Amino acid sequence: MKSFGETLPIASCGINCSVCLAFLRERNKCPGCRGPDDNKTISRTQCNIKNCEVFQDGKSQFCFDCGSFPCARLKRLDKRYRTKYHTDLIENLKTIQESGIEVFLENERSKWTCSKCGGTICMHEGYCYSCGEPYEK
């Protein structure tokens, strides 16, 4: 699974940026939600969750740092990602909160690594970005 240096590859909402189509693609590659805003679409730079007031203190890193967790915005996003991309953002955040980021990242590596070639499976496309092997749920 690709990563982007010292920048945490997990968005505040629990999305694993390293398996996102925008991060995996070669052209106009997104640096991830926590990366610089260069090459990001307006929907990513103006994301309501990324720009939530809970993150303005510079100390909070994830939505679970908020007293309203999970808020209505996160619940809507979570529902869309569970339905379309087989990714439960609220469960991702609970795992990070309870078990730590390293355990979560290891779980993600096993979930999104292609069994055929060892490449990264794109959560949005549902196949390995290296060899095209379909994602097995």
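Whatever comes next refers back to the structure up there.
Quick caveat, the model's predicted, so the values are computed rather than measured.

Undergrad: What exactly am I supposed to notice about the pattern of salt bridges here?
TA: A side chain of one charge can pair with a side chain of the opposite charge when the charged atoms of the two come close. Per the stated rule, a full pass over the model turns up 4 salt bridges. As a salt-bridge pair, Arg 82 and Asp 78 come within 2.7 Å of each other at their nearest N and O atoms. One end of the pair, Arg 82, and the other, Asp 78, are both in helix H3 (residues 72–85), 4 residues apart, so they sit about a helical turn from each other. On the basis of relative accessible area, Arg 82 is assigned to the partly exposed category, the value being 39%.

Undergrad: What should I look at first to understand the packing of H3 against helix H4 (residues 89–99) in this one?
TA: Any two packed helices are characterised by how steeply their axes cross, that is the angle between the axes, and by the distance between the axes. Running from N to C, H3 and H4 cross one another at 110°; their axes reach a closest spacing of 8 Å. Considering the angle they form, H3 stands roughly perpendicular to H4. Facing Leu 74, Lys 75, Leu 77, Asp 78 and Tyr 81 of H3, the residues of H4 in contact are Leu 89, Ile 90 and Leu 93. Of the residues that constitute the contact of H3 with H4, the class distribution is 6 nonpolar, no polar and 2 charged.

Undergrad: Explain the packing of aromatic side chains to me, please; I cannot follow it from the model alone.
TA: The description of an aromatic ring pair uses the distance of the two centres, along with the angle that the planes make with each other. Inspection of the entire model under this criterion finds 3 aromatic pairs. Seen from their ring centres, Phe 62 and Phe 64 are 5.3 Å apart, and the 20° between their planes marks the pair as stacked. Each of the two residues, Phe 62 as well as Phe 64, counts as buried. Between Trp 112 and Tyr 135 the ring centres are 4.9 Å apart and the planes differ by 20°, which places this aromatic pair in the stacked class. Residue Trp 112 is found in helix H5 (residues 101–112), and its partner Tyr 135 is found in the segment after strand S2 (127–128); the two are separated by 23 residues along the sequence. By relative accessible area, which is 1% here, Trp 112 ends up buried. Overall, the relative accessible area of 15% leaves Tyr 135 in the buried class. Looking at Lys 29, its charged tip hangs above the ring of Phe 23, at a distance of 4.7 Å from the centre. One Lys or Arg, Arg 34, reaches over the ring of Phe 62 and ends 4.8 Å from the middle of that ring.

What counts and how
- Residues numbered from 1 in each chain as written.
- Predicted model: local features only at pLDDT ≥ 70, side-chain atom pairs only at ≥ 80, totals over all residues.
- Heavy atoms only, no water.
- Salt bridge = Lys/Arg side-chain N within 4 Å of Asp/Glu carboxyl O.
- Helix = DSSP H or I, 4+ residues; strand = E, 2+ residues; numbered from the N terminus.
- Buried < 20%, exposed > 50% of the residue type's maximum accessible area, 1.4 Å probe, protein only.
- Axes fitted to C-alpha atoms, helices over the stretch in contact; angles between N-to-C directions.
- Parallel < 35°, antiparallel > 145°, perpendicular 65-115°, else oblique.
- Contact = heavy atoms within 4.5 Å.
- Nonpolar A, V, L, I, M, F, W, Y, C, P; charged D, E, K, R; others polar.
- Phe/Tyr/Trp six-rings, centres within 6.5 Å; stacked < 30°, edge-to-face > 60°.
- Lys NZ or Arg CZ within 6 Å of the ring centre and 35° of its normal.

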